Amino acid sequence: LARQKEAEASLRESEMRYRHLVESAHDWIWEVDSNAVYTYASPHIRELLGYEPGEVIGRTPFDLMPADEARRVRGVFEAIAAERRPFRNLENINLHKDGHPVILETNGTPIVDAGGSLRGYRGMDRDVSERRKHMDMLHESEERYRRLVELSPEAVVVHSEGAVIYINQAGANLFGATDPAALIGKPVRAFVHPDSWDRFTERMRQIQGKRGHAPPAESLYRRLDGRVFTAESWTVPITFSG
């Protein structure tokens, strides 16, 4: 009997400890049953969506979404639940209690009983609205500059480790190709005349790790058909992730 009481006390202490961890977590922790109905919601839902935990118990995640988003996410979730598999980084649009949209990133894992039956899902949500806004702004910026580069009448070539990794249409035309894709992966040396190669490589070495572009310089280049031409070029170092 003493051992039983000790085990029960230990269990209560463990449950209390994990409850404190869940309720103080920055992410919203939740559980749903096999019908995707909330059976538990941690207090962080107040900061996330403006609801009290008890207000969402008995409702489904789809009840908190715009209609089109609810249909989309329900389809995704039902496909996942049919296979009883966990899911990660599922972005979905929810409506705050005051009506403004909140983008959540949802992770969940299935709850399966001893007989192998699906009892529901347990998981967590976090607000990624700000991150999504910045990503959308970055994508818009990248798209704007990509269009400028692709439509530029000047040849733009990006090379790394001695090979072409990007060239716009003007660049393809300059070197005698109709499709820029035909030049991707080709060695830069194939397009620089041997008489200019040493000067070209020295130029690359001098600007490595520096900001801004090197002063314009003339060099001899070769087209695919072997014809030689002189071009003035500006060289800019690009640093990504160090």
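Here we summarise the structure given alongside this text. (Residues numbered from 1 in each chain as written. Predicted model: local features only at pLDDT ≥ 70, side-chain atom pairs only at ≥ 80, totals over all residues. Heavy atoms only, no water.)

## Brief notes about helix 7 (residues 194–207)
Part 1 of the argument: An ideal rise of 1.5 Å per residue puts 20 Å on 14 residues; helix 7 measures up with 21 Å between its terminal C-alpha atoms.
Part 2 of the argument: Taken together, the buried positions of helix 7 are Ser196, Trp197, Phe200, Arg203, Met204 and Ile207. Along helix 7, the residues classed as buried sweep out an arc of 135° about the axis, all on the same side. Exposed side of helix 7, more than 90 degrees from the buried face: Asp198 and Arg205 are the residues found there.
Part 3 of the argument: Elements that come into contact with the buried residues of helix 7 comprise strand 6 (157–160), strand 8 (217–222) and strand 9 (228–233). (Helix = DSSP H or I, 4+ residues; strand = E, 2+ residues; numbered from the N terminus. Expected span 1.5 Å × (residues − 1). Buried < 20%, exposed > 50% of the residue type's maximum accessible area, 1.4 Å probe, protein only. Arc of directions from axis to C-beta. Contact = heavy atoms within 4.5 Å.)

## Structural notes on the pattern of salt bridges
Part 1 of the argument: A full pass over the atoms with the stated rule returns 18 salt bridges.
Part 2 of the argument: For Asp68, the salt bridge identified is with Arg71, shortest N-O distance 2.2 Å. Here Asp68 pairs with Arg71, and both are found in helix 4 (residues 67–82), just 3 residues apart, close to one helical turn. The pair Asp68 / Arg71 is uniform in exposure class, with both members exposed.
Part 3 of the argument: Notably, a salt bridge pairs Arg132 with Asp136, separated by 3.4 Å at the nearest N-O pair. Linking Arg132 with Asp136, this pair stays in helix 5 (residues 129–151), spanning 4 residues, or about one helical turn. (Salt bridge = Lys/Arg side-chain N within 4 Å of Asp/Glu carboxyl O.)

## A word on the nonpolar core
Part 1 of the argument: Ranked by size, the top nonpolar core spans 25 residues in total, and within it Trp28, Leu49, Val56 and Tyr121 carry the most contacts.
Part 2 of the argument: Within the residue set of this core, elements represented by two or more residues are strand 1 (28–33), strand 2 (38–41), helix 2 (45–49), helix 4, strand 3 (87–95), strand 4 (101–112) and strand 5 (118–127).
Part 3 of the argument: The dominant element in this core, judged by the number of residues it contributes, is helix 4, at 5 residues.
Part 4 of the argument: Excluding anything up to four places from it in sequence, Val56 contacts Trp28, Tyr38, Ala41, Ile45, Tyr51 and Leu64. (Core = buried A, V, L, I, M, F, W, Y, C linked by side-chain atoms within 4.5 Å.)

## Overview of the pairing of strand 7 (residues 163–167)
Part 1 of the argument: In the sheet, strand 6 pairs with strand 7 via 4 bridges, with the strands oriented antiparallel. In the strand pairing of strand 7, His159 is matched with Val164.
Part 2 of the argument: Linking strand 6 back to strand 7 in an antiparallel pair, the connection comprises 2 residues, with Glu161 at a positive phi of about 55°. (Pairing = 2+ DSSP bridges.)

## Observations concerning the sheet that holds strand 1
Part 1 of the argument: Taken in spatial order, the 5 strands make up an open sheet running 2-1-5-4-3, and their pairing is antiparallel. With partners counted over all chains shown, the strands left at the sheet margins are strand 2 and strand 3, one partner each. The average angle at which neighbouring strand axes cross in this sheet is 30°, direction not considered.
Part 2 of the argument: Lying over the sheet, helix 4 contacts strand 3 and strand 5, oriented at roughly 155° with respect to strand 3.
Part 3 of the argument: The strands that helix 5 touches are strand 3, strand 4 and strand 5; relative to strand 4, the one it contacts most, it runs at about 120°. (Axes fitted to C-alpha atoms, helices over the stretch in contact; angles between N-to-C directions.)

## Some thoughts on the pairing of strand 1
Part 1 of the argument: With 6 bridges connecting them, strand 1 and strand 5 associate as antiparallel partners. Of the residues in strand 5, the one forming a bridge with Ile29 is Met124.
Part 2 of the argument: Examined bridge by bridge, strand 1 and strand 2 share 3 bridges and lie antiparallel to one another. Its bridge partner being in strand 2, Val32 is matched across the sheet by Tyr38.
Part 3 of the argument: Linkage of strand 1 to strand 2, two consecutive antiparallel strands, is achieved through a turn of 4 residues, within which Ala36 is found at a positive phi near 65°.

## Re the environment of Thr60
Part 1 of the argument: By the secondary structure assignment, Thr60 is in the loop between helix 3 (53–56) and helix 4.
Part 2 of the argument: On the basis of relative accessible area, Thr60 is assigned to the buried category, the value being 11%.
Part 3 of the argument: Separated by 10 residues in sequence, Thr60 and Ala70 place their C-alpha atoms 10.0 Å apart.
Part 4 of the argument: If we skip the residues at most four places from it in the chain, Thr60 touches Asn35, Ala36, Val37 and Tyr38.

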